[in-house]
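Read off the chains here:
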Amino acid sequence: MTSPIIDASGIVKDYGAARALHGVSLQIGTGEFVALVGPSGCGKTTLLKILAGFEEPTDGRLEIQGVDMRGVPAASRPTRMVFQKLALFPHKTVAENIGFSLKLQKVEKGQADSRIRAMLDLMHLKPDYLERYPAQLSGGEQQRVALARALVSQPGVLLLDEPMSALDAKLKKSLQAELKKLHRELGTSFVLVTHDLEEAMMLADRICVMRSGHVVQVGTPTDIYYRPANMFVAGFIGETNFLPVTATASSVGMDVVSPLVAAGKTSIAPEHVSPSLSANGTALLVRPETIRFVKGDAAPGEWLLDGQVEEYFIKGASTQYRIRIRGLDAAVIMDLPGSIVLPAVVGEAVRIGFDPAQAFLLSE
């Protein structure tokens, strides 16, 4: 990591008798994009508000740019926040909304006007928008104004509280791409709270997965997706399959055997084994995109499962199949490239296979 711009250590937050954060520690590097994800009530928005200065921690220490933030109000912090509901001033023009923080800082008018216009260009908004009011803008345009207002004061950290949750799917995709480009161009640290796991995977350099006020795992999108810390993270980030296996230590990692696969035995390399693996109750994580239909000879080392097509879903670029396997409670999920010709139909007996070297061994 680059030098941390944010260093949160042992952050505790109590609301009366209820504890929202249980000693959360997290470092965010200068210029890094970090996404906070987790189920509702896990504490991610509470943590964001503490970073912004809208909430004070009950215990713990927060430093931003090497300065202790205890008692420092939101307006005096090197952070700015874009809210879920944007919170634009309806009675102020676009120019007045963007320049609001500059006015509070008593920035000279000529310099303020120059920075406002620079933000307008950065957000791909036309100059005549400066005299418009928020109600005269589309949802995407309002989103850009909110971003411009947060960035015009050149903060060290931009905090984003689900800012695109209310947008339609196509506009959201467009703004996600612009946000990624904006982060790269500015070099500002971004911290994003989102329920959209695909959004977190697309945008973030690292993802922080939270559960019940605890940090469960922090890692790159690849680490979180392919090397999750436990079954909660594996199931929370994307759809997946868990096959029951037994595992014993060997000279090359772990020897794994599955009761669902005839003569299914393989060795799993250490980099594909969870560090927190327990002796009992192991499962093999198999991502849907690594599974294929086998209609001829199997590939060397491939594990094969016989089952029946329960359902399929056409998604355009991909087709998802759910295969019922005898002895397995949940259907196996497969994601195949989209095709005008379906490889199998509902009720058809099929054989599927995957390379166990692409799987990941973790504790149940």
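For the structure itself, consult the block above.
Fair warning: this is a prediction, and the values are worked out from it, not measured in the lab.

Peer 1: Which parts of the structure should I look at to understand the nonpolar core?
Peer 2: The tendency in soluble globular proteins is for nonpolar side chains to be buried side by side. In terms of nonpolar packing, the biggest core is built from 47 residues, with Ile-98 and Leu-179 touching the most fellow members. The greatest single-element share of this core, amounting to six residues, is contributed by helix α5 (residues 139-151). Membership of the second largest hydrophobic core comes to 29 residues, among which are Ile-291, Leu-305, Ala-344 and Ala-359.

Peer 1: What exactly am I supposed to notice about the side chain of His-183 here?
Peer 2: Looking at where His-183 falls in the secondary structure, it is placed in helix α6 (residues 169-186). A polar atom in the side chain of His-183 sits 3.4 Å from the backbone oxygen of Thr-188. Filtering out sequence-adjacent residues up to four positions away, His-183 remains in contact with Gly-31, Glu-32, Phe-33, Thr-188, Phe-190 and Asp-205.

Peer 1: What's the story with the sheet that holds strand β10 (residues 214-219) in this structure? I'm lost.
Peer 2: By definition, the strands of a sheet pair up through backbone hydrogen bonds, in either a parallel or an antiparallel sense. Strand order in the open sheet made by the six strands is β6-β7-β8-β3-β9-β10, with mixed pairing throughout. Sheet topology places β6 (79-82) and β10 at the edges, where each strand pairs with a single neighbour. The average angle at which neighbouring strand axes cross in this sheet is 20°, direction not considered. In the sheet, strand β3 (residues 33-37) pairs with strand β8 (residues 189-193) via four bridges, with the strands oriented parallel. Note that in β8 the partner of Leu-36 across the bridge is Val-193. Lying over the sheet, helix α1 (residues 44-52) contacts β3, β6, β7 (157-161), β8 and β9 (206-211), oriented at roughly 145° with respect to β7.

Peer 1: Is there a simple way to explain the sheet that holds strand β1 (residues 4-15) in this structure?
Peer 2: Here we have four strands laid out as an open sheet, ordered β2-β1-β4-β5, and antiparallel in their pairing. The two strands at the open ends of the sheet, each matched to only one other strand, are β2 (18-29) and β5 (67-68). Pairing of β1 with strand β4 (residues 59-64), which is carried by five bridges, proceeds in the antiparallel orientation. Bridging across to β4, Ser-9 finds its partner in Arg-61.

Peer 1: What am I meant to see in the pattern of salt bridges here?
Peer 2: Opposite charge on two side chains permits them to pair, given that their charged atoms come into close proximity. A complete count under the given rule lists 16 salt bridges for this structure. With a shortest N-O distance of 3.8 Å, Asp-128 and Arg-132 are connected by a salt bridge. Across the pair Asp-196 and Lys-172 runs a salt bridge whose closest N-O atoms are separated by 3.6 Å. Here the residue Asp-196 occupies a position in the loop between β8 and α7 (197-203), and Lys-172 occupies one in helix α6, the gap between them amounting to 24 residues. Asp-196 sits in the partly exposed class, given a relative accessible area of 24%.

Peer 1: Can you help me understand unusual backbone geometry in this one?
Peer 2: Most peptide bonds take the trans form, and the phi angle of most residues other than glycine is negative. For Gln-65, which is not glycine, the phi torsion reads 55° and is therefore positive. One non-glycine residue with positive phi stands out, namely His-124, at about 60°. Structurally, the position occupied by His-124 is in the loop between α4 (109-122) and α5.

Peer 1: Sorry, what's going on with the pairing of strand β18 (residues 332-337) here?
Peer 2: Note on strand geometry: in a regular strand, side chains alternate between the two faces of the sheet. Pairing of strand β17 (residues 318-325) with β18, which is carried by six bridges, proceeds in the antiparallel orientation. Considered in β18, the bridge of Arg-322 is made with Ile-333. The hairpin turn running from β17 into β18, its antiparallel successor, is six residues long, and Gly-327 in that turn takes a positive phi close to 90°.

Peer 1: Help me out: how do you make sense of the side chain of Glu-162 in this one?
Peer 2: Along the chain, Glu-162 turns up in the loop between β7 and α6. At 5.6 Å, Lys-44 is the nearest oppositely charged side chain to Glu-162, a buried residue that forms no salt bridge. Within polar-contact distance, the side chain of Glu-162 engages the side chain of His-195 at 3.0 Å.

Conventions we followed
Residues numbered from 1 in each chain as written. Predicted model: local features only at pLDDT ≥ 70, side-chain atom pairs only at ≥ 80, totals over all residues. Heavy atoms only, no water. Core = buried A, V, L, I, M, F, W, Y, C linked by side-chain atoms within 4.5 Å. Buried < 20%, exposed > 50% of the residue type's maximum accessible area, 1.4 Å probe, protein only. Helix = DSSP H or I, 4+ residues; strand = E, 2+ residues; numbered from the N terminus. Polar contact = N/O pair within 3.5 Å; in protein donor to acceptor, adjacent residues only side chain to side chain. Contact = heavy atoms within 4.5 Å. Pairing = 2+ DSSP bridges. Axes fitted to C-alpha atoms, helices over the stretch in contact; angles between N-to-C directions. Salt bridge = Lys/Arg side-chain N within 4 Å of Asp/Glu carboxyl O. Lys, Arg positive; Asp, Glu negative; His and termini not counted.

These figures capture arrangement, not role.
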